[in-house]
Each structure stands twice: as structure tokens, then as C-alpha cells.
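Structure assessment
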Amino acid sequence: MPSSRTDLIILGGGIVGAGIARDAALRGLSVTLIDKHTVGWGTSSRSSRLIHGGIRYLELGDIHLVHEALAERAILLRIAPQLVHPEPFLFVLDRAEYWQWFRVSVGVLLYRILAARHSLGSHRPLTRRGLVQREPLLAAAPLVGGALYQDARGDDIGLVRSNIAAAKSAGARILEETRARVRIMPDGVEATLPDGEVVTGRALVLALGPWTDAVRAEIGLADRQLVAGTKGIHITFSLQRFPLRHAIALRHPDDRRVMFCLPEPERQRVLVGTTDKETTESPDTLTVGASDVAYLLRAVRHLFPQLELGEDGIEDRWAGLRPLLRQQGRPSGRTREHLVVREGRVVTVAGGKLTTYREMAEEAVDVVGEVLGVQLGRCVTAEVPLP
Ligand SMILES: Cc1cc2nc3c(=O)[nH]c(=O)nc-3n(C[C@H](O)[C@H](O)[C@H](O)COP(=O)(O)OP(=O)(O)OC[C@H]3O[C@@H](n4cnc5c(N)ncnc54)[C@H](O)[C@@H]3O)c2cc1C
């Protein structure tokens, strides 16, 4: 029977697993990453691609998360300018929200303060006229005013592939479309591959996004119910049908949740999303429900009535499952913070966002160092450019 030895086995090749593989390999560990699909197939190719502090998390009082994510935004802009770019956003408020204008104006200023020296440009309140001057397509919208703020957008699957490429050049072994049978032993971990090869690792990291609890149960770890996924869908229109120039943040007219209309000129399309709903669906077989599509359409029709956007104009649609930490309360009110849990030789990483993946990876690899009982080298992922 073929066999191999490695310091670290990582299960899951989404952005978090890919980031961990790169970090660990750059710190000198031998790494084998295994994904049952192709890397990035899961949540990490289905995001809104915002590399952001998350202006709406200010409302939830999640100041720590916003501050941390804004620092990560600055790092990604520096190490991956080919994949992440700054983008100005217009936060628009409709007439029913006139009382929110002061709040949003203070919010964008606070956002800028939290970004500190990483701030990307002008943050300020705008009148209705100011909004329409910047985005003429808003001329027919029932707006009272809004605000300008600065954020960034990125290529989610591009970031996964780039981290994987960097991990490979640092010596990591990447196995895609591979279902491994994992066994935890007193002194290490064994992963048996479909061809019979047994990979023995000294530590195991689980970076499984919404699959976390299911796989933990499969390999016999304690039932901790770490993750409660919420489903988010996106729809796209061609730029020709929806000639939007500016990224827009808006509150949905039904429930006042923040959502986005995001022009992607490089793909000749506008991305509209997203929803945030509890679901019992498996992440393997997610579906895009008609009521979710209708919800997004109501928001775009409310803001851009003259375009008469409907089902027939939708070019693409998809669903993803956010691997949020399990918490009480409304899905959109749940924290985007993360958790790194150590149980013997197993380290589980749960929660988080695309934006904070690098920091999650750094924390996870620090814990792997403790598991292995070695002094690892300094983390350099905030300095070394991504390929
Ligand atoms: C609709 C939506 C919009 C979002 N928008 C944003 C945004 O704009 N900005 C932001 O910062 N974040 C955003 N997020 C959150 C972000 O996308 C996720 O936090 C992130 O992608 C999760 O990455 P992950 O690596 O933890 O999980 P995943 O990307 O899901 O990776 C898990 C991997 O595990 C693999 N796997 C599963 N089972 C096994 C097994 N048994 N063996 C081996 N491999 C296995 C899967 O194939 C998958 O590749 C959004 C999420 C959603 C759903």
C-alpha cells in the first residue's frame, strides 16, 4: 500500500483552507490539502466579492470585526492588487428612511475613522442631487439622500487559486476531487485516499466552511454545532440591460436589510445580492428559490423603476451557504467573527468571511505550531505578494 508522511493535513480547499496551506507551507511545514471538489467550489466562489469592513456591521455594534476586516482589506489591496481593487460605494436611502440620513452619515464617517491610515478616500453625506450626479441611473428612484463611502472588491475564486498556487510553489501537495477517509489516532491523523494511499499527518486542520459539523461527525469528533449556515443568493443582469456605473448599497424596501447592486464591467454584468436566510438545505445541493429571486427583483425595481427589470432579464443566478458561527437571532444579525478550536491534534476553523481569511489562517497555523510543539517561523502572508 503506498503511503506518505506530512506535518499537516488540511481538509477543505475554500479560501480558508487555501490560506492555511499557503501560510503553513511558507512557514516551513509539509502540507497536504484535500478537497472533495475542486478548490473554491464551495462558498468561496459564491460571495458578493466585497473585501470590506462591512459598513452594516456597525449597526450591530461589531466594531472589533469592522476594524479587523478593514486592516485585512488594506493588506489584500497591497499583496493582491491584481485581484482586489478599491471601489467607491453610494449608500442610498429612500423617502421612507429620511430619519436614517443622519445615522448613515455618521456611519460612513465612523467607517473612515475605523479604517484609520488605511482609509481609501472621501466618505461623506450626499443629497439626492449629489447621488444622481454620480449615478444618473438613480434619477427615477424615490430617494431622500445618502452617502459616499469607500470599500474594495475582489475576485473570490481568484484569491483561492492564487493562495493554492502560492502553497504549491512553497511545496504543498494539493489533492482535488478526492474523498479521504480520516482516522484520528493518539499520535497523529491518517487520511486514506481513494487509491489506497495512506497519508499520515502530525496535525489535522478542518477548514470546511458549511460542511464543518457534518464532517466532524463523520470523523467522530464531539458534536459542538459550531456552524449554522445561512443561504444567500445572487442574480446577474447584463450591463446593457442594467447600465449601472456605481456600486450601490441600499436597504430592501420590504425588510430594510442592506443589499447591493454591483457593476462588474470586466464581466459586462451587474451583480445583485444578496439574501440571508436560514435553511436546512445541504451545501452540496443548494437551490435558488423563486421567492428569493422575487425578493431581489422587488428591490431593483423599486430603485430603478424605469428599467423594468424582471425574471426574463436575469442572466445567471446561484446560491451559497455562509458558514456563520451558530448564534441566536436573525440570520443577518449574526456575527461574522470566527473561531479556532483545538482538540488534541485537530484544529477546526469556523465562521469568518472572505475578507478575513488571511488572519484566520495565521491564527490557525499558530495553533498548529502549538499542536506540533515547534516554534514556527514568523507569518509572512501579510507581506509576500500573492501570485
Ligand atoms: C451569498 C454570500 C455572499 C458573501 N459575500 C461575502 C463578501 O462579499 N465578502 C466577504 O468577505 N465574505 C462574503 N461571504 C462569506 C464568504 O464567502 C465565506 O465566509 C467564505 O467563502 C468561506 O470560506 P471557507 O473556506 O470557510 O468555506 P468554503 O469555501 O465553503 O470551503 C469549504 C471546502 O470544504 C470542501 N469539503 C467539504 N466536505 C469535504 C470533505 N469531506 N473532505 C474534503 N473537503 C471537503 C468543500 O468542497 C469546499 O471547497 C459571502 C457568503 C455568501 C454565502
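Conventions we followed
- Residues numbered from 1 in each chain as written.
- Predicted model: local features only at pLDDT ≥ 70, side-chain atom pairs only at ≥ 80, totals over all residues.
- Heavy atoms only, no water.
- Patch = residues over 30% accessible without salt bridge, like charges linked within 9 Å, V, L, I, M, F, W, Y side chains within 5 Å.
- Areas by Shrake-Rupley, 256 points an atom, 1.4 Å probe, with all protein chains shown as cover.
- Salt bridge = Lys/Arg side-chain N within 4 Å of Asp/Glu carboxyl O.
- Helix = DSSP H or I, 4+ residues; strand = E, 2+ residues; numbered from the N terminus.
- Expected span 1.5 Å × (residues − 1).
- Buried < 20%, exposed > 50% of the residue type's maximum accessible area, 1.4 Å probe, protein only.
- Contact = heavy atoms within 4.5 Å.
- Axes fitted to C-alpha atoms, helices over the stretch in contact; angles between N-to-C directions.
- Parallel < 35°, antiparallel > 145°, perpendicular 65-115°, else oblique.
- Left-handed = near helix turned anticlockwise from the far one by under 90°.
- Nonpolar A, V, L, I, M, F, W, Y, C, P; charged D, E, K, R; others polar.
- Near = heavy atom within 4 Å.
- Polar contact = N/O pair within 3.5 Å; in protein donor to acceptor, adjacent residues only side chain to side chain.
- Domains from an automatic or database assignment.
- Pairing = 2+ DSSP bridges.

Concerning a nonpolar patch on the surface
On the surface, Ile-63, Leu-110 and Ile-113 cluster together into a nonpolar patch covering about 250 Å² of accessible area. Structurally, Ile-113 can be placed in helix α3 (residues 101-115).

Focus on helix α5 (residues 156-169)
Helix length check: α5, at 14 residues, gives a terminal C-alpha distance of 20 Å against a target of 20 Å (1.5 Å per residue), a fit within 8%. Burial within α5 is extensive, with ten of its 14 residues counted as buried. Taken together, the buried positions of α5 are occupied by Asp-156, Ile-157, Gly-158, Leu-159, Val-160, Ser-162, Asn-163, Ile-164, Ala-166 and Ala-167.

Here we look at the environment of Pro-125
By secondary structure assignment, the location of Pro-125 is in strand β5 (residues 124-127). Other than its neighbours up to four places away in sequence, Pro-125 contacts Trp-101, Ser-105, Gly-146 and Ala-147.

A word on the packing of helix α1 (residues 15-26) against α5
For the pair α1 and α5, interaxial distance at closest approach is 8 Å and the crossing angle is 25 degrees. Classified by the interaxial angle, the pair formed by α1 and α5 is roughly parallel. The crossing of α1 and α5 is left-handed. Between α1 and α5, the contacting residues are Ile-15, Ala-18, Gly-19, Ala-21, Arg-22 and Ala-25 on the first element and Leu-159, Val-160, Asn-163, Ile-164, Ala-166 and Ala-167 on the second. Per-class residue counts for the contact of α1 with α5 are nine nonpolar, two polar and one charged.

Let's talk about the site of the ligand
Lining the immediate environment of the ligand, one finds 36 residues, of which Asp-35, Thr-43, Ser-44, Leu-50 and Thr-355 sit closest. Separating an oxygen atom of the ligand from a side-chain N or O atom of Asp-35 is a distance of 2.6 Å. Thr-43 places a polar side-chain atom, nitrogen or oxygen, 2.9 Å from an oxygen atom of the ligand. The element contributing the most residues to the shell around the ligand is strand β16 (residues 316-322), with three residues. Classifying every residue of the shell around the ligand by side-chain character gives twelve nonpolar, 17 polar and seven charged. Each of domain 1 (3-44 + 157-226 + 335-372) and domain 2 (87-152 + 228-329) contributes no fewer than three residues to the shell around the ligand.

Some thoughts on the pairing of strand β9 (residues 188-192)
Here β9 lies mainly inside the structure; five of its five residues are buried. Where burial is concerned, the two faces of β9 agree: the one with Gly-188, Glu-190 and Thr-192 and the one with Val-189 and Ala-191 are both buried. In this structure, strand β8 (residues 181-185) lies alongside β9, joined through five bridges in antiparallel fashion. Within β9, the position partnered with Val-182 by the bridge is Ala-191. The sheet contact formed by β9 and strand β10 (residues 198-206) spans four bridges and is antiparallel.

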